[in-house]
Amino acid sequence: AGVAFGCACGAVSGRVDPCTRHSGTHVQCFCTDCRRADLHLDQPDPANSGVGLFITTADTVSFATGTDQLACFQLSRSGPLRWYAACCTTPLFNTSPKRQFPFVAVHVGRLVDRDVLGPVKLRTFRPSGNGRSRHSGNPIAFFQVVGRVLSARVTGRWRKTPFFDKVSGRPIIAPQRVT
């Protein structure tokens, strides 16, 4: 079953379909880049709670309204594209900078029904006392993410993405580089 998403002001909306605990992986990310991205968009600091993401494939996302309000940026040259609603600076998605790697990380806070995601399966880049980061949760969940991406590649679903131009393969919005 699909789940609706939308930005804070409602200008950008759409669906993730399917959106179930079996079609994606519910993750809590504590990496410095996810934190920097939220702070760049004037969101509350997610330092202690991390950023909630639902990782699935890009072909599951469709827009109903507001594609003219989409914008994206990168924190590094090869880092993920971070898509947001320019109208209200709401973070929406993270994708690979290349269409051929068809993952999408949906910001969980933008989903209308979060209960369908089930519990968080992975907690990534959690700070530990020794200055390093660690990962915790179900190790099988990592392989499920990789399996979904490989399946999309093999079946050709990677071409069905709303984030990249079908002909050129470039992002539909030129990413801004944030330093």
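Before any of the text, the structure's been laid out above.
Note that the coordinates shown come from a computational prediction; the quantities given were computed from them, not determined experimentally.

About the cut-offs
Residues numbered from 1 in each chain as written. Predicted model: local features only at pLDDT ≥ 70, side-chain atom pairs only at ≥ 80, totals over all residues. Heavy atoms only, no water. Salt bridge = Lys/Arg side-chain N within 4 Å of Asp/Glu carboxyl O. Helix = DSSP H or I, 4+ residues; strand = E, 2+ residues; numbered from the N terminus. Buried < 20%, exposed > 50% of the residue type's maximum accessible area, 1.4 Å probe, protein only. Core = buried A, V, L, I, M, F, W, Y, C linked by side-chain atoms within 4.5 Å. Contact = heavy atoms within 4.5 Å. Pairing = 2+ DSSP bridges. Axes fitted to C-alpha atoms, helices over the stretch in contact; angles between N-to-C directions. Phe/Tyr/Trp six-rings, centres within 6.5 Å; stacked < 30°, edge-to-face > 60°. Lys NZ or Arg CZ within 6 Å of the ring centre and 35° of its normal.

Participant: What should I look at first to understand the pattern of salt bridges in this one?
Facilitator: Overall, the coordinates contain three salt bridges when judged by the stated rule. Measuring nitrogen to oxygen at the nearest pair gives 2.9 Å for the salt bridge that ties D59 to R157. Of this pair, D59 sits in the loop between β4 (51-57) and β5 (61-65) while R157 sits in the loop between α2 (139-155) and β12 (176-177), placing them 98 residues apart in sequence. Classification of D59 by relative accessible area gives partly exposed; the value is 24%.

Participant: Help me out: how do you make sense of the nonpolar core in this one?
Facilitator: Formed by 24 residues in total, the largest nonpolar core has its most connected members in F5, V12, V61, F63, F93, L111 and F163. Elements that contribute at least two residues to this core include exactly β1 (3-6), β5, β6 (70-74), β7 (81-85), β8 (90-95) and β9 (103-107). Every residue in contact with V12, bar those within four places of it in the chain, is listed here: F5, G6, C7, F63, T65, G66, Q69, L70, A85, C87 and L92. Ranked by size, the runner-up nonpolar core spans 13 residues in total, among them V27, C29, A141 and V149.

Participant: What's the story with the sheet that holds β1 in this structure? I'm lost.
Facilitator: Consider a sheet: its strands pair through backbone hydrogen bonds, and that pairing is either parallel or antiparallel. Spatially, β1-β2-β5 is the arrangement adopted by the three strands of the open sheet, whose pairing is antiparallel. Of all the strands in the sheet, just β1 and β5 have a single pairing partner and so form its edges. Strand-to-strand twist across the sheet, computed as the mean angle between neighbouring axes with direction ignored, equals 30°.

Participant: Could you clarify how one ought to interpret the packing of aromatic side chains in this entry?
Facilitator: The way to describe two aromatic rings as a pair is by their centre distance and the angle between their planes. Considering all chains together, one arrives at eight aromatic pairs under this definition. Ring centres of F93 and F163 lie 5.2 Å apart, and the angle between their planes is 65°; on these two criteria the pair is classed as edge-to-face. Highlighted residues: F93 in strand β8 and F163 in the loop between α2 and β12, separated in sequence by 70 residues. Note on F163: relative accessible area 0%, which makes it buried. Aromatic ring contacts, followed pair by pair, group F5, F63, W83, F93 and F163 into a single cluster. Above the plane of the ring of W158 lies R153, whose end atom (NZ or CZ) is 4.4 Å from the centre.

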